[in-house]
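# An overview of the molecular structure
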Amino acid sequence: MPSEEYVERVLSVVERIPPGAVLAYGDVAEYLGDGGPRQVGWVMSHYGGSVPWWRVVRSDGRPADCHAGEAIRRLRGEGTPFREPSGRVDMAAARWDGALAEGAGGQS
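The rules behind these values
Residues numbered from 1 in each chain as written. Predicted model: local features only at pLDDT ≥ 70, side-chain atom pairs only at ≥ 80, totals over all residues. Heavy atoms only, no water. Helix = DSSP H or I, 4+ residues; strand = E, 2+ residues; numbered from the N terminus. Buried < 20%, exposed > 50% of the residue type's maximum accessible area, 1.4 Å probe, protein only. Polar contact = N/O pair within 3.5 Å; in protein donor to acceptor, adjacent residues only side chain to side chain. Contact = heavy atoms within 4.5 Å. Lys, Arg positive; Asp, Glu negative; His and termini not counted. Salt bridge = Lys/Arg side-chain N within 4 Å of Asp/Glu carboxyl O.

### Here's the deal with the side chain of Thr80
Within the fold, Thr80 resides in the loop between α4 (70–77) and β3 (82–83). Given a relative accessible area of 5%, Thr80 falls into the buried group. Polar side-chain contacts of Thr80 include one of 3.0 Å to the backbone oxygen of Leu75. Sequence-distant contacts of Thr80, defined by excluding residues within four places in its chain, comprise Gly20, Ala21, Val22, Leu75, Val89 and Ala94.

Okay, structure coming up:
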């Protein structure tokens, strides 16, 4: 079980992902410089309900399977680019680079 501090760090990164963009579970770990995709996945499955969880996807662009397609609906609603007909997020176009929008506050 990850530490409370790690949980908070993961959730903080996920809160920063802008609408229309995504990170893979491993990207979140890389951004933090700590843990790996499984640790991030564990945090998201246990604590991710308070952040835009649908913006964290598998490295191949598959959104979360839970919530009966809610992740796909939310991603499409935000204009996230998809690769059709696979129904996977276009990671090359949608992967967030970690930079915050001008005036958004926080780290960049």
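### Things to note about the environment of Ala92
Within the secondary structure layout, Ala92 lies in helix α5 (residues 91–94). For Ala92, a relative accessible area of 79% corresponds to the exposed category.

### Details of the side chain of Asp90
Note on placement: Asp90 falls in the loop between β4 (88–89) and α5. Among buried Asp, Glu, Lys and Arg side chains, Asp90 stands out as unpaired, with Arg83 the closest opposite charge at 4.1 Å. Setting aside anything within four residues of it in sequence, one finds Asp90 in contact with Pro81, Phe82 and Arg83.

### Some details on unusual backbone geometry
Following Glu84, the chain continues into Pro85 via a peptide bond in cis, with omega recorded as 5 degrees. Its location among the elements puts Pro85 in the loop between β3 and β4.

### Comments concerning the pattern of salt bridges
Tallied over the full model, the rule gives 10 salt bridges. Asp34 is the partner of Arg9 in a salt bridge, and the nearest nitrogen-oxygen pair spans 3.2 Å. A residue pair is termed long-range when its members are at least 10 positions apart, and Arg9 in helix α1 (residues 4–16) and Asp34 in the loop between α2 (25–32) and α3 (37–47) qualify at 25 residues. Owing to a relative accessible area of 34%, Asp34 belongs among the partly exposed residues under this scheme. The salt bridge partner of Arg76 is Glu84, with a shortest N-O separation of 2.9 Å.

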